[in-house]
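Next come the chains, spelled out residue by residue.
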Amino acid sequence: MTKYFYIETYGCQMNIYDSDIICSILLKSGFIKTSNLKKADLILLNTCSIREKPEKKIFNRFIEIRFLKKQNKNLKIGIVGCLATHYKNKIFEKFKFIDLIVGPDSYKNIPAMIKKLNTKNKEIDVRLANKERYSNIIPNGVRNGISAFISIMRGCDNMCTFCIVPYTRGREKSRNPNSILKECKLLYKKGYKEIILLGQNVDAYFWQNIKFFQLLELIATTVPFMRIRFLTSYPSNISKNLLKVVKKYSNICKHFHLPMQSGSPRILSLMRRKYTVEEFLLIIKMIKQMIPDCSISSDIMTGFCTETQEDHIETIRIMNIIKFNYSYMFKYSSRQGTYASRKLKDNVPNSLKLSRLNEIIRIQRSHSFYRLKQNIGKIQEVLIEGISKKDENYYFGRNYNNDIIVFQKDKSHIGSYKKVKIINSTLTTLIGEIIP
Ligand code: SAM
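Here the structure is a predicted model, which means the values were calculated and not measured.

Novice: Explain the overall build of the chain to me, using residue names and the numbers behind them.
Specialist: Helices and strands together make up the secondary structure of the chain, namely 15 helices and 21 strands. A globule of 436 residues ought to have a C-alpha radius of gyration of about 22 Å, and the chain, at 22 Å, matches this closely. With the principal axes as the frame, the chain shows a C-alpha extent of 65 × 55 × 45 Å. Counting every position in the chain, which comprises 436 residues, the buried fraction comes to 55%. Counting only contacts in the chain whose residues sit at least 6 apart along the sequence, the fraction spanning at least 24 positions is 72%. Carbon and sulfur atoms provide 53% of the accessible area of the chain, an area that totals close to 20,100 Å².

Novice: Now, about the packing of helix α12 (residues 277-290) against helix α13 (residues 309-322): what can you tell me, with residues and values included?
Specialist: For any two helices packed against each other, one specifies the inter-axial angle together with the distance between the axes. For the pair α12 and α13, the least separation of the axes is 11 Å and the interaxial angle reads 15 degrees. For the element pair α12 / α13, the angle class is roughly parallel. Here α12 and α13 pass one another in a crossing that is right-handed. Residues Val277, Phe280, Leu281 and Ile284 of α12 form the contact with α13, whose participating residues are Ile318, Ile321 and Ile322. Of the residues that constitute the contact of α12 with α13, the class distribution is seven nonpolar, no polar and no charged.

Novice: Break down the pairing of strand β21 (residues 430-434) for me, citing the residues and quoting the values.
Specialist: Only one face of β21 is covered, namely the face carrying Leu430, Gly432 and Ile434; the face carrying Ile431 and Glu433 is uncovered. With three bridges joining them, strand β19 (residues 404-408) and β21 adopt parallel strand pairing. Opposite Ile405, over in β21, you have Leu430 as the bridge partner. Pairing geometry for strand β20 (residues 417-425) and β21, over five bridges, is antiparallel. From the neighbouring strand, Ser425 faces β21, where its bridge partner is Leu430. In this antiparallel pair of consecutive strands, β20 and β21, the connection spans four residues.

Novice: Tell me about the nonpolar core, residues and numbers included.
Specialist: Proteins that are soluble and globular tend to have nonpolar side chains buried together. Counting residues in hydrophobic clusters, the biggest one holds 55 residues, and the most contacted among them are Leu197, Phe212, Leu216 and Phe256. Residues within four places of Leu197 in sequence aside, it is in contact with Ile150, Ile152, Val202, Phe212, Leu216, Ile219, Ile228, Arg229, Phe230 and Leu231.

Novice: Explain the pattern of salt bridges to me, and be specific about the residues and the numbers.
Specialist: Summed over the entire model, instances satisfying the criterion amount to 19 salt bridges. Between Arg154 and Asp18 there is a salt bridge, and its shortest N-O distance comes to 2.6 Å. Of this pair, Arg154 sits in strand β8 (residues 153-154) while Asp18 sits in helix α1 (residues 13-28), placing them 136 residues apart in sequence. Assessed through its relative accessible area of 0%, Asp18 is described here as buried. A salt bridge links Glu52 to Lys56; the shortest N-O distance between them is 3.9 Å. With Glu52 and Lys56 both in helix α2 (residues 52-66) and four residues apart, this pair spans about one turn of that helix. With relative accessibility at 36%, the residue Glu52 sits in the partly exposed group.

Novice: Give a description of the pairing of β19 that names residues and reports values.
Specialist: Where strand β18 (residues 394-398) and β19 come together, five bridges link them in antiparallel fashion. Note on β19: the bridge partner recorded for Tyr395 is Phe407. Where β18 folds back on β19, the antiparallel hairpin that results is connected by five residues, among which Asn402 adopts a positive phi of roughly 75 degrees.

Novice: Let's hear about the packing of aromatic side chains: which residues, and what values?
Specialist: Enumeration over the complete set of coordinates arrives at 15 aromatic pairs. Seen in terms of ring centroids, Tyr275 and Phe280 are 5.5 Å apart; in terms of plane orientation they differ by 40 degrees. Their pairing is tilted. On the accessibility criterion, Tyr275 (3% relative accessible area) is buried. Taken together, the ring pairs connect Phe59, Phe62, Tyr87, Phe95 and Phe97 into an aromatic cluster. A cation over an aromatic ring shows up here: Arg51 above the ring of Phe330, its NZ or CZ 3.6 Å from the ring centre. Over the aromatic face of Tyr339 sits the side chain of Arg272, whose NZ or CZ is 4.4 Å from the ring centroid.

Novice: Give a description of the environment of Gly337 that names residues and reports values.
Specialist: Among the secondary structure elements, Gly337 is positioned in the loop between β16 (326-331) and α14 (339-343). By relative accessible area, which is 34% here, Gly337 ends up partly exposed. Considering only alpha carbons, one finds Gly337 and Phe162, 175 residues apart in sequence, at a separation of 9.5 Å. When residues no more than four places from it in sequence are discounted, the contact partners of Gly337 are Tyr167 and Arg342.

Calculation notes
Residues numbered from 1 in each chain as written. Predicted model: local features only at pLDDT ≥ 70, side-chain atom pairs only at ≥ 80, totals over all residues. Heavy atoms only, no water. Helix = DSSP H or I, 4+ residues; strand = E, 2+ residues; numbered from the N terminus. Rg over C-alpha atoms; globule rule 2.2 N^0.38 Å. Buried < 20%, exposed > 50% of the residue type's maximum accessible area, 1.4 Å probe, protein only. Contact = heavy atoms within 4.5 Å. Areas by Shrake-Rupley, 256 points an atom, 1.4 Å probe, with all protein chains shown as cover. Axes fitted to C-alpha atoms, helices over the stretch in contact; angles between N-to-C directions. Parallel < 35°, antiparallel > 145°, perpendicular 65-115°, else oblique. Left-handed = near helix turned anticlockwise from the far one by under 90°. Nonpolar A, V, L, I, M, F, W, Y, C, P; charged D, E, K, R; others polar. Pairing = 2+ DSSP bridges. Core = buried A, V, L, I, M, F, W, Y, C linked by side-chain atoms within 4.5 Å. Salt bridge = Lys/Arg side-chain N within 4 Å of Asp/Glu carboxyl O. Phe/Tyr/Trp six-rings, centres within 6.5 Å; stacked < 30°, edge-to-face > 60°. Lys NZ or Arg CZ within 6 Å of the ring centre and 35° of its normal.

As C-alpha cells, this is what we get:
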C-alpha cells in the first residue's frame, strides 16, 4: 500500500505553494511525508514548463529516479503541475515508468487516483477548472515559519504570444476573499511575520465587486502586524487606487514586480503585451511620483521571434532609463502550442540570444548595484529571515523594498523586526549594522 510520499518542486513560487497544497491533501488522507526519496512509495514531481531549460532539467530527473522502481516494486511516480497539462498522455508514451499525471486544478483527486492505481496501470487528470479549487485547503508543508505564500488567483487571460501559462494553468480565477483572510489570520496566529500574495497577475484579482486594491486593503487592516508583499503585477493593470493603498499602509511593502519583457515597441506588439513602451514608462513615473522610495523589478526576455539588434538596443535604452532594482532575465524558447510557436519565426540564433542575454545581465547588474548603493546611510526596518549562508555569524533579512541585507548577529531572534543602518553594499546584497 502507498504510504510514504516524497515531493520535489520546480519552477515558480506558485508551484512551491501548490506543493504545500498537495502535502495538505495527502496528509489529510493518511499519507506520511518523507524527505527520503528511497523510503517513498509515492514520488511526485511538481513541474514547470515555462521555458525549455527547466523542462529539460525535469526530464533528466525523470530518468534519474526511474531506477528506484527496481528497488521498490510498489513505488508509484507521478508528474503534477504544468508539464502534466502541457504534455498530457504523451508523458506516458515517452516515460513508461510514470504512473500518474495530474494538472494544477486536479490535486484534490490525487488520493482517489492513487487508490485506483492499486488496480489500474495509469491515472491521468489534466482537466482545467474555471473556478479556484483550493479555497478551503490550508497548505501544509515546507513553510519556514516566518514568511508564507498565499495564492489569491490562478491562471492567466492575457494570452501573450510567447507564454504557455494560459494553456497549462487555464483561465484567470480569483479566490474567495474570506478564505484568503482566514488563511492570513491563521498564519498570524501561528507566528508568521510576512505574507506574499501570489498570482500570475495579482492586479487582475476580481471577486464579485472586490478588486485587488480592495483585497490588499482588507488584508493590510486584518493583519496589521504582518508584512505584505505581492507578485506578479501586470504593468497596465496598475491603478492609482492600488498605489494609494500601497502608500497608505506601512505594512505593505514598497515594491512592484512589473515584467517589461522588451523595450522595443515592435517586439512588445508581437508579444501581444497590452502596453506600449511609452505607457510602461508612464506607469513607472506614476509609481515613483506617488511612492518615491518604491523599488521596481522586472522580467526581460532576449531573442524573441524576429528580434533585431535595433530592438535589442531599444531594450537596453529603456533599461538604462528605468534602472530596475533587479530583473529576472531569460532567453526566449519557443513553447509548443503558443501563438508564437505556430505563427512567428523563432529566427534569432541561439548564440545571439545568449550574447544578448549576457549583455542585459551585465547592464542589470550595474543598475542593481546603483540602486543598492542608494540605501547606504539609511536606517531601515529589516525582518530577520535566517542565518547568512556565507557566514554563520551574520543574519540575513529584507527591507520593505525586498533588498537583502546581511548584518552581524546579536541576541535578536530570527523572525523579529530590527532597525538596521545600511553601511555598505556588494553587487547584490546590502550590509548593515543593528541599531542598538
Ligand atoms: N505574468 C507574467 C507577465 O506579466 O508576463 C508572466 C510570468 S511568467 C511565469 C515568468 C516570466 O517567464 C515571464 O515574465 C517571461 O519573462 C518568462 N517567459 C515566459 N515564457 C517564456 C518563453 N517562452 N521563453 C523565455 N522566457 C519566457
